[in-house]
Amino acid sequence: MSKDRTWFLISKKLAGEASADELTELEGLLRSDPDMHYALQNITDLWNLPTPVNNDAEGAFNRHVSRLKSTTTDWDLPDEDTPLQPNHTYTVTQKYSRKKLMIVSIAAAVLMVASICWYNAVTKRAAAARPFPVAQTGEKNEVSTPNGSKTKINLPDGSKVWLNAGSKLTYNKDFGGNMREVELSGEAFFEVMSVTIPQTKQRVPFIIHTQYIDVRVLGTAFNVKAYPRDKQTETSLVHGKVEVLVHNRPEKKFTLQPNEKLVVRNEKVDEPTADQGDNATNKQPFVSFSNLTYAPKDSTVVETAWVQNKLVFNDESFLEIAEKMERWYNVEIVFKDVKKQTEHFSGSFTNETVQQALYGLSVTTPFHYTIQGNKITIGK
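Residues numbered from 1 in each chain as written. Predicted model: local features only at pLDDT ≥ 70, side-chain atom pairs only at ≥ 80, totals over all residues. Heavy atoms only, no water.

A. Quick look at the sheet that holds strand β20 (residues 375–378). The three strands are arranged β17-β20-β19 in an open sheet whose pairing can be described as mixed. Pairing within the sheet leaves two strands with one partner each, and these edge strands are β17 (332–335) and β19 (369–372). If you compare each strand with its neighbour and ignore which way they point, the axes differ by 20° on average. Looking at chain direction, β19 and β20 are connected through four bridges and run antiparallel. Within β20, the residue paired with I371 across the bridge is I376. The strands touched by helix α6 (residues 318–329) are β17 and β20; relative to β17, the strand with the most contacts, the crossing angle is about 160°. Those strands touched by helix α7 (residues 354–364) are β19 and β20, and its axis lies near 170° from that of β19. (Pairing = 2+ DSSP bridges. Helix = DSSP H or I, 4+ residues; strand = E, 2+ residues; numbered from the N terminus. Axes fitted to C-alpha atoms, helices over the stretch in contact; angles between N-to-C directions. Contact = heavy atoms within 4.5 Å.)

This is the structure:
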């Protein structure tokens, strides 16, 4: 039902007949279903194609009707209240308004996009069913999301990956064989399909390489947060089982059970400043285990809430929240008052604009802010 509503609102938007409320509703639907952004872009491109100067749609239609009339059977339909008479000849007269032609054009575009999606689904299923092993060519596929956007990826083996804002996923074009490997920079949620080699019945590992850790799985659902500039790398397991190998601790593997999170401190990022002292980095353990965090309001899992299009934070510093908001809204946030960085907040945002989000935070803990373009300055 939501997709039908989305297509309806897209049609009204392209026709210039959508109200402000309908445009807001459409924006919310597109944010909850990122795949529809691509469909909308394709249809918009088709809609905006220039019309040939000598194109006479009505004349072409009339010529088509004339050819139909020249066939052996003519139809002349009576009024609704006039019964059909046997052995009588009827003809059809039909006029196409601009609005009807518009609807037909949009329907054709929707049909084309749906056909493309169907074709892609079929080819992906076919790729997943290919016999193993597959020759490795070294060529790469790269999917990246800028700040302010997210996307969903269907890998050839049937695994699904949700890629958060400001992230990049790289994998071989001939992904598969005896080893499934991807490289991640940023944050992604994985639903990994269990795959076996037909000849040996052995399960094929799925490995995620990041800057500081590698994660090995066989079939499970989990989240990996590995932004290069962050102070820590996190692996959060929803169900299944994963092994984590820390690059500078190769002698030990860490195994995660469902509802557990592994946090690894990124040593190259988390360096002490002059006023923190030489032992500042030792205050936090290098590797730590904890349970997943649940939002007190609706029990949403904080670590994976972004997949549901929710920006959730639970007792986090303003600095940490600002980093998330920068990716979420594609903005730059600077603190004129450094003391505000240590303020802690709990809450969540779904469809709020960045202005609404900042106002909501300032209600609980007062602060001033200014917005100039995409730069936000936090003051006292």
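B. Examining the confidence of the model for the chain more closely. On average, residues of the chain carry a pLDDT of 74, and 66% of them reach 70 or more. Mean pLDDT across the elements of the chain bottoms out in strand β2 (residues 90–91) (36) and peaks in strand β5 (residues 160–163) (96). Note that pLDDT drops below 50 for residues 50–55; the model gives that stretch zero contacts with residues more than four away or on any other chain. In the model, residues 115–137 has pLDDT below 50 throughout and makes 24 contacts with residues more than four positions away in sequence or in other chains. (pLDDT = per-residue confidence, 0-100.)

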